[in-house]
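One letter stands for each residue in the lines below.
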Amino acid sequence: MQKGIIGKKLGMTQLFDENGKVIPVTVIEAGPCTVVQKKTVESDGYQAVQLGFGEVSAKKVNKAAKGHFDKADTAAKRTLREFRLDDISAVNVGDILKADVFAAGDKVDVVGTSKGKGYQGVIKRFGQHRLRESHGTGPVSRHAGSNGSTSTPSRVFKGKKLPGHMGAVRVTVQNLSIVKVDAENNLIAVKGAIPGPKGSVVTIHDSVKA
């Protein structure tokens, strides 16, 4: 990974290319991010940079976090994320990274937390089909069918698709194209959709498949 940044999803819109073709894009407020910590192979066993994004009052962070920010001589940040970069020699604690670390045409991966759907049944959660709605099925047409074996193995195997909590998980969308970068306003327009609701925190980094 050569570069990465933290951002906030603002929503979707559309742009037009030079041929007049419409491109659906997600607009992300990327940065400014402060380098809060550098991790090296000698001290931590691996090399990475920790970035902070979003302002927060110092009285709203605990003592451990306050000491962490004081050591870096930076203001308290709402969100911290680590990026394992191939080369961190050019980055120093206190540096400010903005949207212009990326350029139009770059391929990136975007990581976010998907929208929470609450407790859902197997039809919405896994796309299973309904039971028939006549001839004695009863009021359970959207329930899961037979759930286990007989006396052997006398249990339900782990991983069986059952009703439960849906969404609110870490999701990575790979190989998206950056359509436009507005360095002045710290905005990045990424082609297509990214996970999470408006206002959620996402991370952008070089595509691992590019």
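Conventions and cut-offs
Residues numbered from 1 in each chain as written. Predicted model: local features only at pLDDT ≥ 70, side-chain atom pairs only at ≥ 80, totals over all residues. Heavy atoms only, no water. Helix = DSSP H or I, 4+ residues; strand = E, 2+ residues; numbered from the N terminus. Buried < 20%, exposed > 50% of the residue type's maximum accessible area, 1.4 Å probe, protein only. Polar contact = N/O pair within 3.5 Å; in protein donor to acceptor, adjacent residues only side chain to side chain. Pairing = 2+ DSSP bridges. Contact = heavy atoms within 4.5 Å. Axes fitted to C-alpha atoms, helices over the stretch in contact; angles between N-to-C directions. Salt bridge = Lys/Arg side-chain N within 4 Å of Asp/Glu carboxyl O.

*Asks:* Can you lay out the side chain of Lys77 for me, pointing to particular residues and giving the numbers?
*Replies:* Relative to the assigned elements, Lys77 resides in strand β5 (residues 77-83). With a relative accessible area of 9%, Lys77 lands in the buried category. Engagement of the side chain of Lys77 in a polar contact is seen with the side chain of Glu55, the distance being 2.8 Å.

*Asks:* I'd like a description of the sheet that holds strand β6 (residues 96-97), backed by residues and values.
*Replies:* Whether parallel or antiparallel, the strands of a sheet pair through hydrogen bonds between backbone atoms. Spatially, β5-β4-β3-β6 is the arrangement adopted by the four strands of the open sheet, whose pairing is antiparallel. Every interior strand has two partners, whereas the edge strands, β5 and β6, have only one. As paired elements, strand β3 (residues 33-39) and β6 share two bridges and run antiparallel to each other. Paired with Thr34 across the bridge in β6 is Ile96. Contacting β3, β4 (48-55) and β5, helix α2 (residues 63-72) crosses the sheet at an angle of about 90° to β3.

*Asks:* Can you break down the pattern of salt bridges residue by residue, with the values?
*Replies:* Where charged atoms of side chains with opposite charge meet at close range, the side chains can pair. Under the defined criterion, the tally for this structure stands at six salt bridges. The salt bridge involving Asp206 is made with Lys3; its shortest N-O contact spans 3.2 Å. With Asp206 in strand β12 (residues 201-206) and Lys3 in the segment before β1 (4-16), this pair connects stretches of sequence that are 203 residues apart. Since its relative accessible area comes to 24%, Lys3 is described here as partly exposed. Notably, a salt bridge pairs Glu29 with Lys8, separated by 3.8 Å at the nearest N-O pair. You can see Glu29 sitting in strand β2 (residues 22-30) and its partner Lys8 sitting in strand β1, a full 21 residues away along the chain. Residue Glu29 is classed as partly exposed on the basis of its relative accessible area of 26%. Looking at Lys8, the relative accessible area reads 31%, which means it is partly exposed.

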